[in-house]
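Spelled out, the chains give:
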Amino acid sequence: MTFSQATCRYEKAVHGLPTNMNYEWKVAFNGKWGGDKGCNNGGNCQFNSGSSGSVSTSAPSTCSNPYKGRIVRTSGDYQSELGSTAPWLTTEVNSLMTFDETSCLYLLTLSGLTSNRFYEWKVTFDNSWSGSIGCGNGGNCKFSTSAAGTVELVFEPSSKQLSFRPLATVCGNGQCELGETCRTCLIDCSECPPAICGDGKCEDAESCESCSNDCGKCSVCGDDICQTSETYQTCPQDCPNELPGCGIFKEESGVDDSQFHATSDVEEKRWQTPKPGTNGYQSSFHDYHTLVGYADIIYISTDRLAADVCLQTKHRQLNSITLTYFFDGIAQTTKCKRYTNAYTGILLAVVTGSDGSTLELPEIDFVWNAKPIPSRSGDYRNGQKAGYLGVKLFPVHEQLMSTQPFENAMNPWYFMYQPVSYNLDGRMGTREELRDLIQTCRSFGVRVYIDAVLNHFTGAGNDLNQHRNPGSGCVKWGNKTSSAPIERQSPFYTHAFTYQYNANTGKAPSNEFPAAAIGPEDFHCDRPNGAWTNLFILNNGWLVGLVDLDTSMDYVRERQAAYLVDMLSLGASGFRIDAAKHISPEDLSAIMKKVQTKMGGKLPDDFFV
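On a predicted model such as this, the values are computed, not experimentally measured, just so you know.

*Asks:* Whenever I open this one, the packing of aromatic side chains confuses me. Can you help?
*Replies:* Given two aromatic rings, their pairing is described by the distance between the two centres and the angle made by the two planes. Summed over the entire model, instances satisfying the criterion amount to 32 aromatic pairs. A centroid spacing of 5.8 Å and a plane angle of 80° characterise the contact between Y414 and F415, whose relative ring orientation is edge-to-face. F415 gets classed as buried once you look at its relative accessible area, which sits at 0%. With centroids separated by 5.8 Å and ring planes inclined at 50°, the aromatic side chains of F513 and F523 adopt a geometry described as tilted. Pair noted here: F513 is in the loop between β30 (481-482) and α4 (535-540) and F523 is in the loop between β30 and α4, with a separation of 10 residues, a long-range link. As far as the burial class goes, F513 and F523 line up, both buried. Lying over the aromatic face of Y555, K314 brings its terminal NZ or CZ to 3.9 Å of the ring centre. Seen from the ring of Y499, R468 lies directly overhead, with NZ or CZ sitting 3.9 Å from the centre.

Below is the structure:
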């Protein structure tokens with residue numbers, strides 16, 4: 001077969017066959033049957049040679065349509081540009097696809113969109129989201145328009161594949177071109193014929209409101225009946241907030257062996273924290289539903305006697321609000337402020353938004369306030385040591401805790417290696433107690449080294465969501481909590497084993513740790529880490545289901561470097577990096593280089609990792 005640039009299809013014309021004969025066929029690749037494509041769940045396709053004994057296998061004369069008799073539409077973010085009241089509607093006139101018997105494809109031509117722009121879409125059926133089809137593991141598909149703002153959307157019903165083809169049209173050239181209709185270009189295509197209600201076809205000018213005989217009955221949100229065309233996302237007052245049966249969301253798994261970044265639309269699932277006054281909210285959640293951030297300490301020289309403190313933030317409506325930054329209660333409009341060793345206190349920082357949102361950050365320490373370590377016999381300096389260096393602590397970050405036994409143990413030791421934030425409120429003590437411990441140890445000449453977890457956050461399914469497991473008799477389990485004092489506990493979310501839509505986003509749950517300012521886009525796609533000799537999987541897979549950070553991203557590296565510098569500023573002397581073999585060496589090196597930069601360009605003399 002040869003690929004046609006004009007039709008965007010592989011084609012083959014066959015001549016010299018006996019006339020009016022039925023044949024069967026499939027498409028094969030690279031001389032092998034593996035991965036071959038057929039019809040109706042992999043069966044043979046059929047064609048008839050007709051009276052001429054010739055046929056084009058890209059356009060068989062007969063085809064199977066498993067969606068025959070159903071209403072097929074495209075729903076997407078483009079709809080509001082074409083006159084719809086909102087995007088992502090399943091009942092719109094401008095979204096109806098028609099089945100082409102020649103190509104065996106559902107087609108819809110759109111015109112009047114913004115030129116050369118990307119949009120997202122899915123295929124929906126019978127005025128409902130139930131059974132909708134997208135790309136990857138059910139995610140949104142993308143298409144782009146031509147310079148004329150036109151595109152043809154294509155749905156292949158046998159393979160359930162979605163595609164598109166930009167179209168170039170010129171309204172006013174006297175030709176009713178593909179991409180133009182009587183409604184988008186009257187001058188070329190003349191007036192539209194009237195739609196006939198009752199002819200069994202839901203035509204372009206008809207809808208469930210104007211012709212229920214052809215287009216189906218419209219749902220009525222608020223009638224206490226969850227109709228087939230309604231879901232929790234479209235009508236929460238009628239429909240339960242969960243998937244039917246024992247289903248769970250599976251939207252964030254890798255779609256192929258080469259993907260390792262998060263799926264393309266996960267950022268839309270951010271901001272899952274409940275709002276004040278809503279179910280599940282507690283005061284320690286601040287305004288994480290709309291504002292998150294962290295303090296970034298950057299020492300300006302190798303003596304580390306001065307530092308810039310920058311309050312790095314993300315806001316849900318960043319383009320429409322103004323942020324104010326408070327350092328020890330003093331307001332300013334810029335996010336950074338410089339301090340010198342003349343400052344001997346513990347810095348308090350707060351960020352507020354013009355929308356009323358507030359973010360209180362953990363206390364900020366400076367390395368010049370840490371007690372000096374007196375010299376002693378066998379001391380460790382500049383990479384040389386004799387005797388002991390000091391003590392190593394288990395992870396000190398805020399970590400997973402449970403009120404129920406897990407694998408026959410109440411809060412097993414490995415829960416300490418499941419971070420829920422980078423706040424220093426681990427189950428062995430608070431930030432204040434850690435500061436006191438480090439200062440006491442340093443006064444005796446004992447250094448403190450801390451177990452740091454950079455590879456992952458908590459295990460998938462260990463979070464504030466409700467969960468169930470279809471593979472274990474649909475057993476259910478509730479949410480977890482954290483090691484921080486209750487007035488400082490952070491919210492945290494993963495996507496795994498979830499079956500309820502998030503009330504704050506209206507979407508399926510995702511991986512988000514708001515107190516660390518880490519969101520869904522900052523993780524690798526969900527992939528089991530089950531190949532110890534495959535470097536790609538070893539570095540990018542999810543170790544025993546732990547939500548794996550995408551340490552190739554510069555934002556993640558910056559955030560993790562700030563986390564390490566925070567501990568060094570408290571007086572820690574170095575780290576043990578947990579699960580280091582599951583982090584790319586290039587990534588780990590880049591993180592440590594950022595630590596060096598933030599520490600004034602030089603690591604402390606007694607630094608050890």
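Back to the text.
*Asks:* Help me out: how do you make sense of the sheet that holds strand β23 (residues 358-360) in this one?
*Replies:* In any sheet, the strands associate via hydrogen bonds between backbone groups, in a parallel or an antiparallel arrangement. Reading across the sheet, the four strands line up as β20-β19-β22-β23 and stay open at both edges, with antiparallel pairing between neighbours. Where the open sheet ends on each side, the last strands, each with one partner, are β20 (330-332) and β23. This sheet shows a mean twist of 20° between the axes of neighbouring strands, independent of strand direction. Direction of pairing for strand β22 (residues 349-353) relative to β23: antiparallel, over a ladder of three bridges. Within the sheet, the bridge partner assigned to V351 lies in β23 and is L359.

*Asks:* Mind showing me how you'd approach the environment of M401 here?
*Replies:* The residue M401 is located in strand β25 (residues 400-401) in this model. Leave out the neighbours within four places in its chain, and M401 touches N411, F415, R427, K480, T481, S482 and S483.

*Asks:* What's the story with the pattern of salt bridges in this structure? I'm lost.
*Replies:* When their charged atoms lie close together, side chains carrying opposite charge are able to pair. Across all of its chains, the model carries 27 salt bridges by this definition. Across the pair R338 and D308 runs a salt bridge, and its minimum N-O distance is 2.7 Å. Of this pair, R338 sits in strand β21 (residues 336-340) while D308 sits in strand β18 (residues 306-315), placing them 30 residues apart in sequence. Notably, a salt bridge pairs D587 with R557, separated by 2.7 Å at the nearest N-O pair. With D587 in helix α6 (residues 585-598) and R557 in helix α5 (residues 554-570), the pair connects residues that are 30 residues apart, well separated along the chain. When salt bridges with common partners are traced through the structure, they connect D296, D554, E558, K594 and K598 into a single cluster.

*Asks:* Even after reading the chapter, I still don't get the side chain of H582, so can you show me in this structure?
*Replies:* Residue position: H582 is located in the loop between β32 (574-578) and α6. Not counting the four nearest positions on each side in its chain, H582 is found in contact with N455, N529, W532, L538, N539 and L543.

*Asks:* Would you take a moment to explain the state of the cysteines for this structure?
*Replies:* Put plainly, a disulfide is one covalent bond tying together the sulfur atoms of two cysteines. Evaluated as defined, the whole model comprises five disulfides. With its sulfur 1.9 Å from that of its partner, C135 forms a disulfide with C141. Measuring the twist about the S-S bond at about 105°, one finds the C135-C141 disulfide to be right-handed. Put simply, C221 and C235 are joined by a disulfide, and their sulfur atoms are 2.0 Å apart.

*Asks:* For this particular structure, what's the right way to read the sheet that holds strand β24 (residues 390-393)?
*Replies:* Spatial strand order, β24-β26-β32: three strands in an open sheet with parallel pairing. With one partner strand each, in any of the chains shown, β24 and β32 form the two edges of the open sheet. Across the sheet, the axes of successive neighbouring strands diverge by a mean angle of 25°, strand direction being ignored. Packing against the sheet, α5 makes contact with β26 (447-453) and β32, and its axis sits at approximately 160° to β26.

*Asks:* Would you explain α5 in this entry?
*Replies:* Helical geometry: 3.6 residues make up each α-helical turn, so side chains three or four residues apart lie on a common side. The first and last C-alpha atoms of α5 sit 25 Å apart over 17 residues, in line with the 24 Å expected at 1.5 Å per residue. In terms of burial, α5 is a largely internal element, 14 of the 17 residues being buried. Following α5 by one or two positions, G571 adopts a phi angle in the positive range, close to 115°.

Parameters at a glance
Residues numbered from 1 in each chain as written. Predicted model: local features only at pLDDT ≥ 70, side-chain atom pairs only at ≥ 80, totals over all residues. Heavy atoms only, no water. Phe/Tyr/Trp six-rings, centres within 6.5 Å; stacked < 30°, edge-to-face > 60°. Buried < 20%, exposed > 50% of the residue type's maximum accessible area, 1.4 Å probe, protein only. Helix = DSSP H or I, 4+ residues; strand = E, 2+ residues; numbered from the N terminus. Lys NZ or Arg CZ within 6 Å of the ring centre and 35° of its normal. Pairing = 2+ DSSP bridges. Axes fitted to C-alpha atoms, helices over the stretch in contact; angles between N-to-C directions. Contact = heavy atoms within 4.5 Å. Salt bridge = Lys/Arg side-chain N within 4 Å of Asp/Glu carboxyl O. Disulfide = S-S within 2.5 Å. Expected span 1.5 Å × (residues − 1).

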